[in-house]
Every structure is written in C-alpha cells, then in structure tokens.
Amino acid sequence: MNYLAHLLLAENHAESRIGNIMGDFVKGNLEKYNNQYSGEIIKGIKLHRKVDEFTDTHQIFISSKKRIVDNRRFSGIIIDVCYDHFLAKHWDRFSDESLDNFVGNTYRELQNYQNILPVNLQKALPRMIAEDWLGSYRTPEGVGLAFARISRRLKRENTLATAIDELMNNYSGIESDFVSFFPEVISYVEKICQ
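These remarks concern the structure in this document. (Residues numbered from 1 in each chain as written. Predicted model: local features only at pLDDT ≥ 70, side-chain atom pairs only at ≥ 80, totals over all residues. Heavy atoms only, no water.)

Counting secondary structure elements, the chain contains 12 helices and zero strands. Mapped in sequence order, the helices and strands of the chain form the string α-α-α-α-α-α-α-α-α-α-α-α. Since a compact globule built from 194 residues should have a radius of gyration of about 16 Å, the 16 Å found for the chain is in line with a globular shape. The C-alpha extent of the chain, read off along each of the three principal axes, is 45 × 35 × 35 Å. Expressed as a percentage of its 194 residues, the buried residues of the chain come to 52%. Taking contacts inside the chain between residues at least 6 apart in sequence as the whole, the part at least 24 apart equals 67%. For the chain, the accessible surface area stands at approximately 9800 Å², while carbon and sulfur atoms represent 47% of it. Counting 24 positive and 26 negative side-chain charges, the chain places the averaged centre of each group 6 Å from the other. (Helix = DSSP H or I, 4+ residues; strand = E, 2+ residues; numbered from the N terminus. Rg over C-alpha atoms; globule rule 2.2 N^0.38 Å. Buried < 20%, exposed > 50% of the residue type's maximum accessible area, 1.4 Å probe, protein only. Contact = heavy atoms within 4.5 Å. Areas by Shrake-Rupley, 256 points an atom, 1.4 Å probe, with all protein chains shown as cover. Lys, Arg positive; Asp, Glu negative; His and termini not counted. Charge placed at Lys NZ, Arg CZ, Asp CG, Glu CD.)

Quick look at the side chain of D84 now. Within the element layout of this structure, D84 appears in helix α5 (residues 75-89). For the buried residue D84, which engages in no salt bridge, the nearest side chain bearing the opposite charge is R149, 9.2 Å off. For D84, the side chain forms a polar contact with the main-chain nitrogen of Y3, separated by 3.2 Å. With residues near it in sequence (within four places) discarded, D84 still touches N2, Y3, L4, A5 and Y137. (Salt bridge = Lys/Arg side-chain N within 4 Å of Asp/Glu carboxyl O. Polar contact = N/O pair within 3.5 Å; in protein donor to acceptor, adjacent residues only side chain to side chain.)

Moving on, we get to the pattern of salt bridges. Taken as a whole and assessed by the stated rule, the structure comprises six salt bridges. In this structure, R17 and E109 form a salt bridge, with 2.8 Å as the shortest nitrogen-oxygen distance. Taken together, the residues span a long stretch of sequence, with R17 in helix α2 (residues 14-22) and E109 in helix α7 (residues 99-112) at a distance of 92 residues. Each member of the pair, R17 together with E109, is buried. Measuring nitrogen to oxygen at the nearest pair gives 2.8 Å for the salt bridge that ties R67 to D177.

In this structure, L4, M22, L87, M128, F147 and F182 are the most contacted members of the largest nonpolar core, which totals 60 residues. The biggest single contributor to this core is α5, with eight residues. With residues near it in sequence (within four places) discarded, F147 still touches I78, V81, C82, L160, A161, A163 and I164. (Core = buried A, V, L, I, M, F, W, Y, C linked by side-chain atoms within 4.5 Å.)

Okay, the layout of surface pockets next. Approximately 600 Å³ is the volume attributed to the largest pocket. As for the largest pocket, its lining consists of 23 residues, and the residues nearest its centre are N2, Y3, D24, I77 and R153. Looking at the lining of the largest pocket, the elements with two or more residues in it are α3 (39-56), α5, α8 (119-130) and α10 (140-153). Across the lining of the largest pocket, the residue classes tally to 13 nonpolar, three polar and seven charged. Taken as a whole, the second largest pocket encloses approximately 380 Å³ of empty space. Lining the second largest pocket are 20 residues, and of these L8, L9, A10, E11 and N12 sit closest to its centre. (1 Å grid on protein atoms, 1.4 Å probe; cavity = no way out; pocket = protein on both sides within 12 Å on 5 of 7 lines; lining within 4 Å. Points joined across faces, edges and corners; volume = space filled by probe spheres on them. Nonpolar A, V, L, I, M, F, W, Y, C, P; charged D, E, K, R; others polar.)

The subject of this paragraph is the packing of aromatic side chains. All chains considered together, the criterion is met by 13 aromatic pairs. Between F94 and F178 the ring centres are 5.9 Å apart and the planes differ by 80°, which places this aromatic pair in the edge-to-face class. Note that F94 is positioned in helix α6 (residues 91-94) and F178 in helix α12 (residues 171-192), a separation of 84 residues in sequence. Taken individually, F94 and F178 each receive the classification buried, so the pair is uniform in this respect. Here the aromatic residues F54, F61, Y83, F86, F94, Y171, F178, F181, F182 and Y188 are joined through ring pairs into a cluster of three or more. (Phe/Tyr/Trp six-rings, centres within 6.5 Å; stacked < 30°, edge-to-face > 60°.)

Time to look at helix α4 (residues 59-66). Three or four residues apart is the spacing at which side chains of an α-helix point the same way, because the helix has 3.6 residues per turn. Those residues of α4 that fall on the buried side of the exposure criterion are I60, F61 and S64. Along the long axis of α4, the arc covered by the buried residues comes to 100°, so they all point the same way. (Arc of directions from axis to C-beta.)

A few words now on the environment of L160. As for its placement among the helices and strands, L160 is situated in the loop between α10 and α11 (164-169). Here the alpha-carbon distance between L160 and R73, two residues 87 residues apart in the chain, equals 9.8 Å. Those residues in contact with L160, other than ones at most four positions away along the chain, are N71, F74, I77, I78, F147, I150, S151 and L154.

Encoded structure:
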C-alpha cells in the first residue's frame, strides 16, 4: 500500500492519518518517539506497519507482484503504487467522501502538523501539495510521475522510471487483483482497530 491507501485505512481523525503517512519515514522501535509524538500518532504508525505486513504476505498481493516482469526487484513498490491508482479509480466503492475533498483535507492536516513531521516528509510536503501527489494517482500519467519521483529518491541505479509500462501491460490483471484485495485489507483493519 502506498500513501493514499494508508491514509484511507487510517482511523477517521487527523492524528491517525498523520501517523499512517509517517509510517514510511519513522523507522525502528517506536518507544523512542513517545515524547515526540502523541499516542494516536504512534498508533497510526503501528497501523501502517501492520497493514504493510498484512499486504506483503497476502496471496493476492504476491500474485500481483508476479505480474511484474522487467522490474522484478522493485515489484513490491510498483504494486503499492499501482494499487493506489486503482484505489483512486474506484474511490467511490470505498469512501463516502469524494476523493477531492479527502485529498484537500489531508493536505491541510499535513500542513497543520508540518512541524512534527520527519524532516524528509517536511521537505517533500510543498512539492506533494503543489504537484497533487495524492490526487494524481487517478491517471496513468500521474502514476508515471510517481514512479519517476521514487526512481530519483533511490540511491541505486534503477529502472523504476519506466515502471508505468508494467502497469499498462498488466492493467486489467492488477486491477482485478486490487478489487479483490482491498476489501480484505479493510476487513483486517476494522478487526484490529476495534
């Protein structure tokens, strides 16, 4: 799961969404962050990690990764981003709030909490908003830009910038996988958040 999915799967309040988006930026034992972040933000980071573990070991996600041929080493990252595309495409199935409202509210929440975000996320936030990273998942072109951004962030040489071809060559199969998988991750989150 990538940013958009983690944000939607968060509990319905700002600190959970902030924690869930911080999950990729905060590493290691969370006890060292107890004085830095609220309990709800820590809970959001933990939820992010549980969702990642559930996703990475789920048979449908594993099947989606096997569809990736030319970028096998980065298949997990590619499918995470592709699943956000299909979430944006099928948004109305999973949320009563419009995607535009959700994205706009999320950007405002991120700005409100900007001073506590990890430095890398603080630095990326102006670009994220200006380039509408969350809303851009709607189109294959937006997904292509996401792959290009990720490619530039990685230290090692990679071919992620061309990963949009993997999506386009496997579009219906990955979409079918996502539509089957996402209700299962929603059910999982509902159970662990009770």
